[in-house]
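Residues per chain, in single letters:
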Amino acid sequence: MIKITSSEFEPYRELEQYQLQQKAQLSGKQGAANVFVGTMRDFNDGEAVKGMTLEHYPEMTEKQLEHVLADAKKQWPVLDALVIHRVGDVFPDDVLVLVAVWSAHRGAAFDACRFIMEALKSRVPFWKQEILNDDTRRWVAKNTDGYVN
Amino acid sequence: MSIKVRYFASLKELIGRDSDVCEFTSGMTVLEAWQSVVPDKVIPNNILAAINMEYVSLDALLTNEDELAFFPPVTGG
């Protein structure tokens, strides 16, 4: 399931609700669940950041996320996947993204979750504009490789 | 005969508007549409383009009533 939301969300509550809802589909088959939660920092690129606006391209965002999930399912035996992404005005400590993948075995769950997250970062049309402490705004030019910043 | 052209994020600010209507001519490419609606600016090197919400290259051909979008590298997650 894919969900784009402009409201704050609590990822572990969403997971619990989704797992209950999908019980029939997962029961007996699932051996592994891998979960990624991405949260907003209060710093980036050497500067303090007090807020951010996440812009997106409605409909294309969902369409490209569907492609990403389909690509993951082609490569790994994924039983189910959940992606929730925040848009609009966000603040440090807000959860920006949740990716959860269920599979029979841990290898597929780990690998597919990583694949979905990296593909989301490079293919799905979201853009971050940061608000610095002096109220100046700057667009994030590109995503990092996920290891340094 | 026309296509809708949309701009997002920093590109929208650079151009100063979020959309244009481009007169469509048969055989028109994505790059030609840019040159028609943003004649005063060279197309940025790192620009991404989509027709009807699917990624395309700048030499892709347009069809009447397509929705064409231009935007910078994506930065979600």
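Since we're looking at a predicted model, the values are computed, not measured.

How should the overall build of chain B be read in this particular structure?
When helices and strands are counted, chain B shows two helices and five strands. Against the globule reference of 11 Å for 77 residues, chain B gives a C-alpha radius of gyration of 12 Å, in line with a compact fold. With the C-alpha coordinates aligned to their principal axes, the bounding extent of chain B is approximately 35 × 25 × 20 Å. Going through the 77 residues of chain B one by one, you find that 35% of them count as buried. Partitioning the contacts of chain B with sequence separation of at least 6, the portion at a separation of at least 24 is 52%.

Explain the interface of chain B and chain A here, please?
Many descriptions give the size of an interface as the accessible area lost when the pieces come together. Each partner contributes to the interface: chain B provides 13 residues, whereas chain A provides 23 residues. Taken together, the elements giving at least two residues each to the side of chain B that touches chain A come down to α1 (9-15) and β5 (67-71) of chain B. In terms of residue class, the side of chain B that touches chain A is built from nine nonpolar, four polar and no charged.

Even after reading the chapter, I still don't get the pairing of strand β7 (residues 95-103) of chain A, so can you show me in this structure?
Regular strands place side chains that alternate from one sheet face to the opposite one. Residues and elements named next belong to chain A. The buried fraction of β7 amounts to eight of the nine residues, a majority that puts the element mostly inside the structure. Bridge count for strand β2 (residues 32-39) against β7 is eight bridges, and the pairing is antiparallel. In the strand pairing of β7, Phe36 is matched with Val99. Looking at chain direction, strand β5 (residues 78-86) and β7 are connected through seven bridges and run antiparallel. If you follow Asp80 over to β7, its bridge partner there is Trp102.

Quick question: what am I supposed to make of the sheet that holds β7(A) here?
Strands belonging to one sheet form pairs held by backbone hydrogen bonds; the direction of such a pair is parallel or antiparallel. Residues and elements named next belong to chain A. Strand order in the open sheet formed by four strands is β1-β5-β7-β2, with mixed pairing between adjacent strands. Only two strands of the sheet have a single partner each, and these edge strands are β1 (2-5) and β2. Between one strand axis and the next, the sheet turns through 5° on average, direction left out of account. The strands that helix α4 (residues 106-123) touches are β2, β5 and β7; relative to β7, the one it contacts most, it runs at about 150°.

What is the right way to read the sheet that holds strand β2 (residues 19-23) of chain B from this model?
Residues and elements named next belong to chain B. As summarised here, the arrangement of the five strands in space is β2-β1-β5-β3-β4, forming an open sheet in which the pairing is mixed. The outermost strands of the open sheet, each flanked by one partner alone, are β2 and β4 (54-56). Mean inter-strand twist for the sheet, computed between neighbouring axes without regard to direction, equals 30°. In the sheet, strand β3 (residues 48-51) pairs with β5 via four bridges, with the strands oriented antiparallel. By the bridge assignment for β5, Leu48 is matched with Phe71. Contacting β1 (2-7), β2, β3, β4 and β5, helix α2 (residues 30-37) runs over the sheet at an angle of about 110° to β2.

Explanation requested: the packing of helix α3 (residues 60-75) of chain A against α4(A) in the structure shown.
Helix packing for two helices is described by the angle between their axes and how far apart those axes are. Residue and element names in this part refer to chain A. Taken N-terminus to C-terminus, the directions of α3 and α4 make an angle of 150°; their axes are 10 Å apart at the nearest point. It follows that α3 is roughly antiparallel to α4 by the angle criterion. Between α3 and α4 the crossing geometry is right-handed. On the side of α3, the interface is formed by Gln64, Leu65, Val68, Leu69, Asp71, Ala72 and Gln75, while α4 contributes Ala112, Phe115, Ile116, Ala119, Leu120 and Arg123.

The rules behind each value
Residues numbered from 1 in each chain as written. Chains lettered and ligands numbered in written order. Predicted model: local features only at pLDDT ≥ 70, side-chain atom pairs only at ≥ 80, totals over all residues. Helix = DSSP H or I, 4+ residues; strand = E, 2+ residues; numbered from the N terminus. Rg over C-alpha atoms; globule rule 2.2 N^0.38 Å. Buried ≥ 20, exposed ≤ 12 C-beta atoms within 10 Å, placed from the backbone. Contact = placed C-beta atoms within 7 Å. Nonpolar A, V, L, I, M, F, W, Y, C, P; charged D, E, K, R; others polar. Pairing = 2+ DSSP bridges. Axes fitted to C-alpha atoms, helices over the stretch in contact; angles between N-to-C directions. Parallel < 35°, antiparallel > 145°, perpendicular 65-115°, else oblique. Left-handed = near helix turned anticlockwise from the far one by under 90°.

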